[in-house]
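# Remarks on the overall topology
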Amino acid sequence: MRRFPAPEIAPHVAGLIPYQPGKPIAELERELGIRDIIKLASNENALGPSPAAVEAIRAHAGDVHLYPEGSCPALRSALAAKLRVDGSCLAFGNGSDEIIHFLGLAFLTPGDQVIQGSPTFSRYEAAARLAQAQCVRIPLRDWRYDLDAVGDAITAQTRLVFIANPNNPTGTYVTEAELERLLDRISPRCIVCMDEAYFEYVDAPDYPDTVALIREQTNIVILRTFSKLYGLAGLRVGYAVARPEIIAAIEQVREPFNVNHLAQVAALAALGDADHAQRSRAMVASGRAVLTDGLRALGMDVVPSQANFVWADTRRDAQAIFQALLRRGVIVRTGGAFGAPTCIRVTVGTAEQNERLLNTLAEVLAL
Ligand SMILES: Cc1ncc(COP(=O)(O)O)c(C=O)c1O
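Because the structure is predicted, anything quoted here is derived from the model rather than measured.

### Focus on the overall build of the protein chain
For the protein chain, the count of helices and strands is 14 helices and 13 strands. In terms of overall dimensions, the protein chain is globule-like: its C-alpha atoms have a radius of gyration of 21 Å, near the 21 Å expected for 367 residues. If you line up the protein chain on its principal axes, its C-alpha atoms span 65 × 55 × 50 Å. Residues classed as buried in the protein chain amount to 53% of the 367 residues present. Across the protein chain, the fraction of contacts at a sequence separation of at least 24, relative to all contacts at a separation of at least 6, is 74%. Surface summary for the protein chain: the accessible area is close to 17000 Å², and the carbon and sulfur share equals 53%. Treating the 36 positive side-chain charges of the protein chain as one cloud and the 41 negative ones as another, the clouds have centres 5 Å apart.

### Some thoughts on a nonpolar patch on the surface
On the surface, a cluster of nonpolar side chains totalling about 230 Å² of accessible area is made up of Ile9, Val13 and Leu130. Here Val13 is to be found in helix 1 (residues 11-14). You can call Val13 partly exposed: its relative accessible area is 30%.

### A word on the pattern of salt bridges
Evaluated as defined, the whole model comprises 13 salt bridges. The salt bridge involving Arg236 is made with Asp97; its shortest N-O contact spans 3.4 Å. Of this pair, Arg236 sits in the loop between strand 7 (220-225) and strand 8 (238-242) while Asp97 sits in helix 5 (residues 96-107), and the two are 139 residues apart along the sequence. Residue Asp97 is classed as partly exposed on the basis of its relative accessible area of 31%. Within the structure, one salt-bridge network assembled from shared partners comprises Glu125, Arg129 and Arg137.

### Quick word on the pairing of strand 8
Among the five residues of strand 8, five are classified as buried, and the element is accordingly described as predominantly covered. Side chains Gly238, Ala240 and Ala242 of strand 8 all project onto a buried face; the interleaved residues Tyr239 and Val241 project onto the opposite face, where all are buried too. The sheet contact formed by strand 2 (residues 90-93) and strand 8 spans four bridges and is antiparallel. Within the sheet, the bridge partner assigned to Phe92 lies in strand 8 and is Tyr239.

### Some details on unusual backbone geometry
In the segment running from Ser118 into Pro119, the intervening peptide bond is cis, with an omega of 0 degrees. Mapped onto the secondary structure, Pro119 falls in the loop between strand 3 (113-118) and helix 6 (123-130). Note that the residue after Asn165, namely Pro166, is joined by a cis bond; omega there is 0 degrees. Inspection of the secondary structure puts Pro166 in the loop between strand 5 (158-164) and helix 8 (176-185). One non-glycine residue, Asn43, lies in positive phi territory at about 55 degrees.

### Considering the site of the ligand
Around the ligand, the structure places 13 residues, and the nearest of them are Ser96, Asp195, Tyr198, Thr225 and Ser227. At a separation of 2.6 Å, an oxygen atom of the ligand approaches a polar side-chain atom of Thr225. Burial of the ligand by the protein amounts to 92% of the accessible area it has alone, namely 400 Å². Considering only residue class, the shell around the ligand consists of four nonpolar, five polar and four charged.

### A look at the packing of helix 5 against helix 10 (residues 244-253)
For the pair helix 5 and helix 10, interaxial distance at closest approach is 9 Å and the crossing angle is 95 degrees. In terms of axis orientation, helix 5 runs roughly perpendicular to helix 10. Contacts between helix 5 and helix 10 involve Ile99, Phe102, Leu103, Leu105, Ala106 and Phe107 on the former and, on the latter, Ile246, Ala249, Ile250 and Val253.

### Concerning the environment of Pro49
Locating Pro49 in the fold gives a position in the loop between strand 1 (38-39) and helix 3 (51-60). Take Pro49: its relative accessible area is 35%, and that puts it in the partly exposed class. In this structure the C-alpha to C-alpha distance between Pro49 and Ala266, which are 217 residues apart in sequence, comes to 9.1 Å. Residues in contact with Pro49, not counting those within four places in the same chain, are Val54, Tyr230, Gly231, Leu232 and His276.

### Looking at the sheet that holds strand 10 (residues 309-313)
Either a parallel or an antiparallel arrangement is found when strands of a sheet pair, and the pairing is made through backbone hydrogen bonds. The strand order across the open sheet built from four strands is 9-10-13-12, with neighbouring strands paired in antiparallel fashion. On the outer flanks of this sheet lie strand 9 (301-303) and strand 12 (333-334), each paired with one strand and no other.

### Some details on the sheet that holds strand 5
Sheet architecture is open: seven strands sit in the order 2-8-7-6-5-3-4, paired in mixed fashion. Across the chains shown, the open sheet's two edge strands, defined by having one partner strand only, are strand 2 and strand 4 (134-139). Ignoring which end each strand starts from, the neighbouring axes of this sheet average 20 degrees apart. As defined by bridge partners, strand 5 adjoins strand 6 (residues 191-195) across five bridges and the pair is classed as parallel. Looking across to strand 6, one finds that Leu160 is bridged to Ile191. Sheet strands in contact with helix 10 are strand 2, strand 7 and strand 8, and its direction is about 140 degrees off that of strand 8.

Calculation notes
- Residues numbered from 1 in each chain as written.
- Predicted model: local features only at pLDDT ≥ 70, side-chain atom pairs only at ≥ 80, totals over all residues.
- Heavy atoms only, no water.
- Helix = DSSP H or I, 4+ residues; strand = E, 2+ residues; numbered from the N terminus.
- Rg over C-alpha atoms; globule rule 2.2 N^0.38 Å.
- Buried < 20%, exposed > 50% of the residue type's maximum accessible area, 1.4 Å probe, protein only.
- Contact = heavy atoms within 4.5 Å.
- Areas by Shrake-Rupley, 256 points an atom, 1.4 Å probe, with all protein chains shown as cover.
- Lys, Arg positive; Asp, Glu negative; His and termini not counted.
- Charge placed at Lys NZ, Arg CZ, Asp CG, Glu CD.
- Patch = residues over 30% accessible without salt bridge, like charges linked within 9 Å, V, L, I, M, F, W, Y side chains within 5 Å.
- Salt bridge = Lys/Arg side-chain N within 4 Å of Asp/Glu carboxyl O.
- Pairing = 2+ DSSP bridges.
- Near = heavy atom within 4 Å.
- Polar contact = N/O pair within 3.5 Å; in protein donor to acceptor, adjacent residues only side chain to side chain.
- Nonpolar A, V, L, I, M, F, W, Y, C, P; charged D, E, K, R; others polar.
- Axes fitted to C-alpha atoms, helices over the stretch in contact; angles between N-to-C directions.
- Parallel < 35°, antiparallel > 145°, perpendicular 65-115°, else oblique.

What follows is the structure, given as structure tokens:
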């Protein structure tokens, strides 16, 4: 057999680490010989999808031989009406992950600079590196985005600033006043991406109303998703809200059928299911308080969260805690990948799941 040399990977891609998914629950159950594993590791909605979305998927399953409508017209008009923006202010992605990637493709050229907090969501850096841009990481302060330090780091080369609000993995948020102070310092050439994947869970009164801001400000992109509150992570639907000029640039790099038909009909149905949204929000509000108090009672430093997860410093080796929890059928996320090896991130589950997590953790810590 002829041997071929390994293909040469583009140098700016070679260093990227592919996303490491956790093992499927079914495989873990077989391996560990246990049942009833609970996963509180990916910030999914423990209530599951809206029943209306499931119904819509069933009703449209017979249409999947057709290409989807690339511009998501029905979802676009429903969302535009809900947000009170024009339809031209919306772009849809195969998850908001894809829109982060689009922003890199549409706005970055080699040598540009991207600014983000650290630790934060990993896809911003990937988008920067794929575009051969330099990613500048500004350390969080007390686990919060430090927007004054972000402002200080901006140079003439800065094209994109990513602000996860609330931030993943810490659940902290930036206030309207902090954001306005940053925006006052930024040239309109620099785009500020407000990633609001968890905004529906926020109850802080000083959280910024960014949709109102885009009416005056040309350089803001808001990202939101159907993966969290709406429970549709497996279908992959996210969206951007921005001025039409920014949306037009995203449209230039979007592939034609990026959001599939079942995802579109399910998202539309979920958007109309106020009851599921309300129950999901209520579950997170009460569960977040239970987890915060419970983890504190176990001696951890817990960061006040505005999202559907909590970030806690165990002050021990979090990897060992993770393994011990895993053997007892509870999966959480460790802080190692975020450069915080003593921390864990726990997704708010159902009342029963939260209780099991706290009881199992108490057992593990007592070992
Ligand atoms: C801050 C943040 N942004 C974006 C995403 C991606 O969400 P989606 O499922 O819409 O791609 C996540 C997912 O966990 C996230 O935590």
